[in-house]
Amino acid sequence: MKNDYKLSIHRLTACGIIACLYAVLTVATASFAYGPIQFRIAEAMCILPFFAPWTTWGLTLGCLLANLFSPVSALDIVVGTAATLIACLITARCRNKFLAPLPPVIVNAVLVGAMLAGVLTPDAFWKGFFVFGAEVGAGELAVMYLLGLPLLLVFRRQGLDERLRAIE
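To keep things clear, this report deals only with the structure shown in the data block. No experiment lies behind these values; they were computed from the predicted model shown. (Residues numbered from 1 in each chain as written. Predicted model: local features only at pLDDT ≥ 70, side-chain atom pairs only at ≥ 80, totals over all residues. Heavy atoms only, no water.)

## Some words on the nonpolar core
Formed by 27 residues in total, the largest nonpolar core has its most connected members in Tyr22, Leu48, Phe51, Leu59, Leu152 and Leu164. Secondary-structure elements contributing two or more residues to this core are α1 (9-28), α3 (48-51), α4 (55-67) and α7 (125-158). Leave out the neighbours within four places in its chain, and Phe51 touches Leu152, Phe155, Arg156, Asp161, Leu164 and Arg165. Formed by 11 residues, the second largest nonpolar core is a distinct cluster that contains Leu116, Ala117, Phe132 and Val136. (Core = buried A, V, L, I, M, F, W, Y, C linked by side-chain atoms within 4.5 Å. Buried < 20%, exposed > 50% of the residue type's maximum accessible area, 1.4 Å probe, protein only. Helix = DSSP H or I, 4+ residues; strand = E, 2+ residues; numbered from the N terminus. Contact = heavy atoms within 4.5 Å.)

## What about the environment of Leu147?
Here Leu147 is to be found in helix α7. Taking the C-alpha atoms as reference, Leu147 lies 7.7 Å from Ile41; in sequence the two are 106 residues apart. Apart from the residues lying within four places of it in its own chain, the contact partners of Leu147 are Phe39, Ile41, Ala44 and Ala142.

## Regarding the packing of α1 against α4
Across the interface, α1 lies against α4 with an axial gap of 7 Å and an inter-helix angle of 35 degrees. Crossing of α1 over α4 shows right-handed handedness. Of the residues in α4, those in contact with Cys15, Ile18, Ala19, Tyr22, Ala23, Thr26 and Val27 of α1 are Thr55, Trp57, Gly58, Leu59, Leu61, Gly62, Cys63, Leu65 and Ala66. (Axes fitted to C-alpha atoms, helices over the stretch in contact; angles between N-to-C directions. Left-handed = near helix turned anticlockwise from the far one by under 90°.)

## Notes on the packing of aromatic side chains
In total, this model carries 9 aromatic pairs according to the counting rule given. Grouped by ring-pair contacts, the aromatic residues Phe125, Trp126, Phe129 and Phe130 constitute a single cluster. (Phe/Tyr/Trp six-rings, centres within 6.5 Å; stacked < 30°, edge-to-face > 60°.)

## Describing the environment of Leu120
Take Leu120: it is sitting in helix α6 (residues 102-120). Of the residues examined, Leu120 reaches a relative accessible area of 43% and is grouped as partly exposed. Along the chain, Leu120 and Pro36 lie 84 residues apart, while their C-alpha atoms are 9.3 Å from each other. Once residues within four sequence positions are removed from consideration, Leu120 is found in contact with Pro36 and Phe132.

## Regarding the packing of α4 against helix α5 (residues 75-93)
In contact at an axis separation of 9 Å, α4 and α5 are set at 160 degrees when each is read in the N-to-C sense. By the angle between their directions, the pair α4 and α5 is classed as roughly antiparallel. Here α4 and α5 pass one another in a crossing that is right-handed. Contact residues: Thr56, Trp57, Leu59, Thr60, Cys63, Leu64 and Asn67 in α4; Asp76, Ile77, Gly80, Thr81, Thr84, Leu85, Cys88 and Leu89 in α5. Grouping the amino acids of the contact of α4 with α5 by side-chain chemistry returns 8 nonpolar, 6 polar and 1 charged. (Parallel < 35°, antiparallel > 145°, perpendicular 65-115°, else oblique. Nonpolar A, V, L, I, M, F, W, Y, C, P; charged D, E, K, R; others polar.)

Below you can see the structure in the form of structure tokens.
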């Protein structure tokens, strides 16, 4: 557990690939990846820290790169990226495969929901927070449990989890 977040040249390379995949998937699906109602397909990869905590760095960088293109606000660069970082750090601590997709759902609903409320409905923050938080949470829930959990199960079944863990 001591070196779970340490980056070797192999891990750094893998993180670069993960970051690129995340950013490209998000930008390529921009029409439904940004905004209050979002279905960000790349978020399914946020299950990777369940197997290999060091993948957190690649996912965070990918989110940062994707959020540079956010049409919502420059604040999305900071808040959205922080949400991914926090969600991945929590996911890395999960021990139950069925709960592993949950941290991104909760963290994004709260942080991105609050950011959207602050930007889009500053005069009605709490109302906006509950609406946007629910919308972001619902999209995240769909992505994480319809795409992320099956991805986790496929990784396990194919032995890819062990291969990912073995990267030094």
